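# Fold and contact review
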Amino acid sequence: MIMSLLLAAAAPVLPPPSQARLKADVTSLVGFGTRHTLSTTTDPHRGIGAARTWMAAQFDAIGRGCGGCIKVERISRRFTGPRAPNGVIVEDVLGIQPGRDPNRVVIVGGHIDSRVTDVMNATADAPGANDDASGVALVLETARLLSKRRFDATIIYVAFSAEEQGLWGAELLADTVKARGWQVSAMLNDDIVGNSIGQGGVRDGGRVRVFSEGIRAAENEAETQRRRGEGGEDDGPSRALAKTIDGIARGIPGGLDVVVERRPDRFGRGGDHEPFLALGYPAVRFSVGAENWDRQHQDLRTEQGVVYGDTIEGMDFGYLAKVTAINAATLARLAAAPAAPATAALVGDLSRDTQVSWAAVPGAVGYRVRWRDNDALSWSDSRDVTGTSTVLTQVPVDDHFVGVSALAADGSESLVTFAGRARK
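The following refers to the structure shown. (Residues numbered from 1 in each chain as written. Predicted model: local features only at pLDDT ≥ 70, side-chain atom pairs only at ≥ 80, totals over all residues. Heavy atoms only, no water.)

## Side note on the packing of helix α2 (residues 48–65) against helix α3 (residues 129–146)
Any two packed helices are characterised by how steeply their axes cross, that is the angle between the axes, and by the distance between the axes. Close contact between α2 and α3 brings their axes to 10 Å; oriented N to C, the two are set at 15°. If you check the angle between α2 and α3, you find them roughly parallel. Classified by chirality, the crossing of α3 by α2 is right-handed. When α2 is examined against α3, the residues Trp54, Met55, Gln58, Phe59 and Ile62 are found in contact with a partner set consisting of Val136, Val139, Leu140, Ala143 and Arg144. In terms of residue class, the contact of α2 with α3 is built from eight nonpolar, one polar and one charged. (Axes fitted to C-alpha atoms, helices over the stretch in contact; angles between N-to-C directions. Helix = DSSP H or I, 4+ residues; strand = E, 2+ residues; numbered from the N terminus. Parallel < 35°, antiparallel > 145°, perpendicular 65-115°, else oblique. Left-handed = near helix turned anticlockwise from the far one by under 90°. Contact = heavy atoms within 4.5 Å. Nonpolar A, V, L, I, M, F, W, Y, C, P; charged D, E, K, R; others polar.)

## Concerning the nonpolar core
Met55, Tyr157, Ile245, Phe286 and Ile326 are the most contacted members of the largest nonpolar core, which totals 67 residues. No other element matches helix α9 (residues 317–336), which puts twelve residues into this core. Not counting residues up to four positions away in its chain, the partners in contact with Phe286 are Leu188, Asn189, Asp190, Asp191, Val193, Val208, Arg209, Val210, Ile245, Val323, Ile326 and Asn327. Membership of the second largest hydrophobic core comes to 26 residues, among which are Ile75, Ala84, Val105 and Leu173. (Core = buried A, V, L, I, M, F, W, Y, C linked by side-chain atoms within 4.5 Å. Buried < 20%, exposed > 50% of the residue type's maximum accessible area, 1.4 Å probe, protein only.)

## Notes on the packing of aromatic side chains
Within the structure shown, the criterion is met by seven aromatic pairs. Relative to Trp54, the ring of Phe32 lies with its centre 6.3 Å away and its plane at 65°, an arrangement referred to as edge-to-face. Of this pair, Phe32 sits in the loop between α1 (19–30) and α2 while Trp54 is found in helix α2, placing the two residues 22 residues apart along the sequence. Across the pair, Trp54 and Phe32 agree in class, each one buried. Between Phe79 and Trp168 the ring centres are 5.4 Å apart and the planes differ by 15°, which places this aromatic pair in the stacked class. Pair noted here: Phe79 is in strand β1 (residues 71–81) and Trp168 is in helix α5 (residues 168–180), with a separation of 89 residues, a long-range link. (Phe/Tyr/Trp six-rings, centres within 6.5 Å; stacked < 30°, edge-to-face > 60°.)

## What about the pattern of salt bridges?
Under the criterion given, the structure shown has 32 salt bridges. For Arg74, the salt bridge identified is with Glu91, shortest N-O distance 2.9 Å. In this pair, Arg74 sits in strand β1 while Glu91 sits in strand β2 (residues 84–97), placing the two residues 17 residues apart along the sequence. For Arg74, a relative accessible area of 36% corresponds to the partly exposed category. A residue is classified by how much of its surface remains accessible, and Glu91, at 16% relative accessible area, is buried. If you follow the salt bridges from partner to partner, you end up with Asp191, Arg209, Asp265, Arg266, Arg269, Arg285 and Glu291 in one network. (Salt bridge = Lys/Arg side-chain N within 4 Å of Asp/Glu carboxyl O.)

## Structural notes on the environment of Gly420
Mapped onto the elements, Gly420 comes out in strand β18 (residues 420–421). Taking C-alpha positions, Gly420 is 23 Å from Leu334, a pair spaced 86 residues apart along the chain. What Gly420 contacts, discounting residues up to four positions off in sequence, is Glu230, Ala344, Ala345 and Leu346.

## Here we look at the state of the cysteines
The full count for this structure, using the stated rule, is one disulfide. The partner cysteine of Cys66 in its disulfide is Cys69, sulfur to sulfur 1.8 Å. When the S-S torsion is -80°, as for the bridge of Cys66 with Cys69, the disulfide is left-handed. Taking the relative accessible area as the measure of exposure, Cys66 reaches 18% and is therefore buried. Taking relative accessible area as the criterion, Cys69 reaches 18% and is therefore assigned buried. (Disulfide = S-S within 2.5 Å.)

Listed below in structure tokens is the structure:
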């Protein structure tokens, strides 16, 4: 057993997010009139160009407040597609908080672009308060909360462009991450995270949905068949991330219930976490408990007493602060923890005992072996060890799922790596 200080880390203790700052940031973003990807990039006060410059200035100000702990980077590439037939330069604004390990990263993002009913209308007012100034404001507030702390992993805060045109900003960053050889421990996509009253007046201020894939988009056919045989459909890296977020949220007093949604996104829809999933990175999407579609992708108008349009009046900043708190706590824990084990394997055929082994993780001072009955969704038992193998006596492999996480000296725990059959 490892020393007693390696207890399960509770949600990190952080200052509460500021509702006033969140509201001020959303107000500033709405003030650019439209942030459509094809809108002006030369007007200093209107359009996506002005909004991105403002975003870079916010990251720069946060960085100055912590002695240069956050560096601003703007990455760009030209994209062409049905929603930009003449092509458009897509630019992401990054705030990079270097950790002790510059090659391991955790990412939190929201998209800065907005739209109205006609996705090609780049001139009409498109305030985009909830979709997705709420996510961008969350990113900024999270940076303020975490900027004065030093972590093992590097944190990347990002405002994506061109989500509405085809997830192009997310594709740009995912490709950049791959090209730079960064190891992604988690990617949190926050998109539509600021309202507590949904369509038809449904009140849902106590929950936030976290969407995650089961079978991995990045798996080939052989890997999918292997997972099918091992029963790991509910334990891929992104599902492990969603479950971790759920556990962290339970430790935040007065917080929200995380609903672990067992599909990659809302039915038939998508978001900026998907390009990361396509490259095999753990990624999830946060979204409100109940959406209000009258306030999404709508021209500003009132018809028969119904108000349409994504304006700031439809938001709940107390709710947004709670979603922000979950994001900040998740990033703090995973950035403080080591990476998850690259592999974990089981041997236990025709036995009442199961031997578990896993790849060593640089910087880990111990490991937590978790297991549960096959008919359960959550881990029920655990054992902490210092080596890279252990035997679970009277835990037959036929009837149990097993996973392994890595531990830091302060008890911060990585995502759980599902243990499959040992390769021969």
